[in-house]
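One letter stands for each residue in the lines below.
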Amino acid sequence: MQKNLGWSTREVAELAGTTLRTVRHYHNIGLLEEPERLPNDYKRYTVNHLVRLLWIRRLVVLGMPLARIAAIDESDEGVAKLFRTIDDQLAACIERQRDVRTELAAILRHRALIGLPSGFGDVTTDLSEPGRTFLLICSRVLEPAVLEALREVHKFPRSEVRREFDELTDEADDRYRQNVAERFVVKVVQEQQDYPLLRDLGERAASGEDPHLTAVLRRGPSNCTTRRSWTSCGG
């Protein structure tokens, strides 16, 4: 008696490099036709089924959504356009991964950067934990352009007068306080001229038009390093 040619569901799945469950799923969503059954009620897959299954798996590996595969065939003119879209998405994903690797490299050099927002990997490490926290919160309430201005402000180590201002204590005498304040004002005015977005941000916070922004910036003076950002914003 001649042996029936073909494969069982498990065999065709193994040949295609997939699973029994996946093959059944393809049947359920109409991607793969059900094979004829033998007299013993077992399915018997043919070469055509295997080719179709291999084609489906190939498209899946290339990033084709199953819902789109169901609507096309090998000669569909929209396939090229769809693959170009997938390629664009992959390019964007690779770019994001490259950015993540850049940030990880910076964090491996300076662990303190792990507490900063994405994109702040090149700022000075001369920041306290409250200062990093402040910038992290700002990343949730500020526009990208304003965040970029803040990043620029923090790219360089603190100036001598700013460090003196940040390190002021309650024990400092009035004459010293006055001297530091007068020199510091000059620095702040210059920063506001260099970064008008930060000056405008301070005005917005003072007006109370954005409660979240006002709440964040009003916390600025509560610690020395955060005060660096806050004063630059017109606080």
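This is a predicted model, so every value here is computed, not measured.

### Re the packing of aromatic side chains
Point 1. According to the stated counting rule, one finds one aromatic pair in the structure shown.
Point 2. On the basis of an interplanar angle of 10° and a centroid distance of 3.9 Å, the ring pair of F165 and F184 is categorised as stacked. Here F165 is found in helix α8 (residues 160–166), whereas its partner F184 is found in helix α9 (residues 174–194), with 19 residues between them in sequence.
Point 3. The class for F165 is buried, based on a relative accessible area of 15%.

### A few points about the pattern of salt bridges
Point 1. What the rule picks out here adds up to nine salt bridges.
Point 2. Linking R162 and E191 is a salt bridge whose minimum nitrogen-to-oxygen distance equals 2.6 Å. In this pair, R162 is assigned in helix α8 and E191 in helix α9, connecting sequence segments 29 residues apart.
Point 3. The partner of R163 in a salt bridge is E167, and the shortest N-O contact between them spans 3.9 Å.
Point 4. Here E167 falls in the partly exposed class, since its relative accessible area comes to 48%.

### Here we look at the nonpolar core
Point 1. Within the largest apolar cluster, 21 residues are counted, with the highest numbers of intra-cluster contacts made by L116, L135, C138 and L142.
Point 2. Those elements that place two or more of their residues in this core are α5 (78–109), α6 (129–141), α7 (144–153), α10 (196–207) and α11 (211–218).
Point 3. Here the element with the most residues in this core is α7; it accounts for five residues.
Point 4. Setting aside anything within four residues of it in sequence, one finds L116 in contact with V123, L127, R132, L135 and L136.
Point 5. Counting residues in hydrophobic clusters, the runner-up holds 19 residues, among them V12, A13, Y26 and I69.

### Thoughts on the packing of helix α2 (residues 20–28) against helix α3 (residues 47–61)
Point 1. Contact pair α2 / α3: the axes reach a minimum separation of 12 Å and the direction vectors enclose 95°. Accordingly, the angle class assigned to the pair α2 and α3 is roughly perpendicular. Together, T22, V23 and Y26 of α2 and L53, I56, R57 and V60 of α3 make up the contact between the two elements.
Point 2. Residues of the contact of α2 with α3, tallied by class, amount to five nonpolar, one polar and one charged.

Parameters and conventions
The residue numbering used here restarts from 1 in each chain and proceeds along that chain's sequence as written. For this predicted model, a pLDDT threshold of at least 70 governs which residues receive local features, and a threshold of 80 or more governs which side-chain atom pairs are given and counted, while totals over whole chains, interfaces and linings are taken from all residues. Only hydrogens and water are set aside when side-chain values are computed; all heavy atoms of the structure are taken into account. When the centres of two rings from Phe, Tyr and Trp lie within 6.5 Å, Trp using its six-membered ring, the rings pair. Their planes under 30 degrees apart give stacked, over 60 give edge-to-face, and anything left gives tilted. Strands are runs of DSSP state E lasting at least 2 residues, helices are runs of H or I lasting at least 4, and numbering of each runs from the N terminus. The buried label applies to any residue whose accessible area, calculated with a 1.4 Å probe on protein chains only, is under 20% of its type's maximum; exposed applies above 50%, and partly exposed to all values in between. Whenever a carboxyl oxygen of Asp or Glu lies within 4 Å of a side-chain nitrogen of Lys or Arg, that contact is scored as a salt bridge. Residues enter a nonpolar core if they are buried and are Ala, Val, Leu, Ile, Met, Phe, Trp, Tyr or Cys, with the set joined through side-chain atoms within 4.5 Å. Residues are treated as being in contact if the distance between any of their heavy atoms lies within 4.5 Å. Here the axes come from fitting lines to C-alpha atoms, over the contacting stretch only for helices, and the angles between their N-to-C directions go from 0 to 180 degrees. Put simply, angles under 35 degrees are roughly parallel, angles over 145 are roughly antiparallel, angles from 65 to 115 are roughly perpendicular, and the rest are oblique. Three categories are distinguished: nonpolar for Ala, Val, Leu, Ile, Met, Phe, Trp, Tyr, Cys and Pro, charged for Asp, Glu, Lys and Arg, and polar for the others, with Gly belonging to the last.

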